[in-house]
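One letter stands for each residue in the lines below.
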Amino acid sequence: MQALVASLLVLFCLAAAAQAPQPPDVAARSYLLLDVSADQILASRDIDSPVEPASLTKLMTGYLVFQAIKSKKIDLKQTLPVSERAWKMPGSRMFIDPKMQVPVDDLIKGMIVQSGNDATMALAEGVGGTAEHFVELMNQQAQALGMKNTTYKNPEGLRAPGHLTTARDLSILATRLMQDFPEARPYYSIRKYRYQGTPTANDTNRNMLLFRDPTVDGLGTGQTDTAGYCLVATAKRDFPNLQGRRLLAIVLGATSELHRANEAQRLLNWGYTAYEGLKLFDANQSVLEPPVWKGTERTVKLGQAQPIVLAVPAGSAARIRTQVARADPLVAPFTKGQQVGTLRILAGDQLLREVPLVALQAVEQAGIFGRAWDAIRLWIK
């Protein structure tokens, strides 16, 4: 099999990364700005340094709760008991007690909007049977998601030896939470909530950006004396060349609630102005349609199930070009979703990214006569 690099000769007179823009000076121990639409880190510092996640732990608790709902292990209208352990949880609370039977829907709101440790414990016990088993599920899920430097010791985020994560791992979790459970997103944008019979003064989401920036729709906050003030904020903004462009800003170890919000806002605004998102190909759009040998079809369409998006510095005059690397000849059969080639995205001669290209439809093997005829053609070729 001879390797073939088939240039698409598609030249985009668009911005290219000749030199990355200088990010703002962020006052935090570590931070990360991710272009979720392009799956590209735009700015970061110390993203693999271990940190205490504080209540950002609840993002993983939320992941497992929505997973349990999706698998019909629990449902939103189902009520859960409030154990003595949940009732006596220290720190931020929803103010529920053992006399109550609380719907899952309300417990989720209490965990997300009020950052209630009592609501979080009730959910953990409802899904895992015990908090200890739930923590085992948290760590198993972290490994399954590729969160290599995360270890959970509890479901709510109170300080415990070895209860650690990183900015990179939080970006993985936050991205997968939004992608795997889009039905969860509205919960994370709720500004105010309280359960009936609980104090009215405890009804405000601690994510200040929800009140400041209408494009922000999540995700979570955390704070302890040792962790500092932490925030995972995500925003979605529309642009002429890319609708619904989503960024994710993670700020860990800021000095106050106001500072974490200000630093996250600066990162989001900078990301949207310093970089522009370019949609090179739509989801399931054919990038290339090369010939197929010994198959029931003469060609196979190559592309991606998701849009192929790139973030590049705004205002750059460089050209973006793409190339496809694939084997030649391509001999059937091919299953739908099977990787057949690689899309190489370049700015001039600089390789920016490689994207796997898969068969967008299955191509079955031809009958004996068709295979024989193509064998002869290949031999002559």
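Data block above holds the structure.
Residues numbered from 1 in each chain as written. Predicted model: local features only at pLDDT ≥ 70, side-chain atom pairs only at ≥ 80, totals over all residues. Heavy atoms only, no water.

Caption draft 1: Fine view of the overall build of the chain. Looking only at helices and strands, the chain has 10 helices and 16 strands in total. Taken along its principal axes, the extent of the C-alpha atoms in the chain is 80 × 50 × 35 Å. Classification of the 381 residues of the chain by burial places 52% in the buried group. In the chain, once contacts between residues fewer than 6 apart in sequence are set aside, the share between residues at least 24 apart is 66%. Summed over its atoms, the accessible surface of the chain is roughly 17,400 Å², and 53% of this surface lies on carbon and sulfur atoms. Charged side chains in the chain number 42 positive and 35 negative. The centres of these two groups are separated by 3 Å. (Helix = DSSP H or I, 4+ residues; strand = E, 2+ residues; numbered from the N terminus. Buried < 20%, exposed > 50% of the residue type's maximum accessible area, 1.4 Å probe, protein only. Contact = heavy atoms within 4.5 Å. Areas by Shrake-Rupley, 256 points an atom, 1.4 Å probe, with all protein chains shown as cover. Lys, Arg positive; Asp, Glu negative; His and termini not counted. Charge placed at Lys NZ, Arg CZ, Asp CG, Glu CD.)

Caption draft 2: Region of interest: the nonpolar core. Grouped together as the largest cluster of nonpolar side chains are 62 residues, with contacts concentrated most on Met60, Leu107, Tyr188 and Leu248. Here this core gets seven residues from one element, more than from any other, and that element is helix 1 (residues 58-70). Sequence-distant contacts of Tyr188, defined by excluding residues within four places in its chain, comprise Leu59, Gly62, Phe66, Ile112, Leu177, Asn205, Leu210, Asp217, Gly218 and Leu219. Among the nonpolar cores identified, the runner-up in size contains 28 residues, and Val26, Ala43, Ala235 and Trp270 belong to it. (Core = buried A, V, L, I, M, F, W, Y, C linked by side-chain atoms within 4.5 Å.)

Caption draft 3: Representation of the pattern of salt bridges within the structure. In this structure the tally under the stated criterion is 17 salt bridges. When the shortest N-O distance is used, the salt bridge between Arg176 and Asp180 registers 2.9 Å. One end of the pair is Arg176 and the other is Asp180, both in helix 6 (residues 167-180) and four residues apart, which spans about a single turn. A relative accessible area of 30% means that Arg176 is categorised as partly exposed. With a shortest N-O distance of 3.6 Å, Asp349 and Arg321 are connected by a salt bridge. In this pair, Asp349 sits in the loop between strand 15 (339-347) and strand 16 (350-359) while Arg321 sits in strand 13 (residues 320-328), placing the two residues 28 residues apart along the sequence. The class of Asp349 is exposed, set by a relative accessible area of 72%. (Salt bridge = Lys/Arg side-chain N within 4 Å of Asp/Glu carboxyl O.)

Caption draft 4: Seen up close, the side chain of Thr224. When you line up the elements, Thr224 lands in strand 6 (residues 216-224). What makes Thr224 buried here is its relative accessible area of 16%. Apart from the residues within four sequence positions on either side, Thr224 is in contact with Glu52, Ala54 and Gly157.

Caption draft 5: Structural context of helix 1. Taking 1.5 Å per residue, 13 residues should reach 18 Å; helix 1 reaches 18 Å between its end C-alpha atoms and fits that length. Burial analysis of helix 1 places 10 of its 13 residues in the buried class, the great majority of the element. Listed in full, the buried residues belonging to helix 1 are Lys58, Leu59, Met60, Thr61, Gly62, Tyr63, Leu64, Val65, Phe66 and Ala68. Looking one or two residues past helix 1, Lys72 carries a phi angle of roughly 65 degrees, positive in sign. (Expected span 1.5 Å × (residues − 1).)

Caption draft 6: Representation of unusual backbone geometry within the structure. A cis amide bond links Asp328 with the next residue in sequence, Pro329, at an omega value of 5 degrees. Of note, Pro329 is situated in the loop between strand 13 and strand 14 (330-331). We note that Lys72 has phi near 65 degrees; this positive angle belongs to a residue other than glycine. With respect to the element layout, Lys72 can be found in the loop between helix 1 and strand 4 (79-81). Positive phi, normally seen in glycine, also occurs at Ser115, with a value near 55 degrees. As for its placement among the helices and strands, Ser115 is situated in the loop between helix 3 (104-112) and helix 4 (117-128). The class of Ser115 is buried, set by a relative accessible area of 7%.

Caption draft 7: Focus on helix 9 (residues 257-274). A rise of 1.5 Å per residue sets the reference length of helix 9, with its 18 residues, at 26 Å; its end C-alpha atoms lie 26 Å apart and thus fit the reference within 8%. Among the residues of helix 9, those classed as buried are Arg260, Ala261, Glu263, Ala264, Gln265, Leu267, Leu268, Trp270, Gly271, Tyr272 and Ala274.

Caption draft 8: Representation of the pairing of strand 12 (residues 308-313). With six of six residues buried, strand 12 lies mostly within the body of the structure. Relative to strand 12, strand 9 (residues 275-281) is paired through six bridges, and the arrangement is antiparallel. In the strand pairing of strand 12, Tyr275 is matched with Pro313. (Pairing = 2+ DSSP bridges.)

Caption draft 9: Representation of the side chain of Arg245 within the structure. Among the secondary structure elements, Arg245 is positioned in strand 8 (residues 242-254). Residue Arg245 is classed as buried on the basis of its relative accessible area, which comes to 1%. Of note is the side chain of Arg245, whose polar atom sits 2.9 Å from the side chain of Asp35. Engagement of the side chain of Arg245 in a polar contact is seen with the backbone oxygen of Tyr275, the distance being 2.9 Å. (Polar contact = N/O pair within 3.5 Å; in protein donor to acceptor, adjacent residues only side chain to side chain.)

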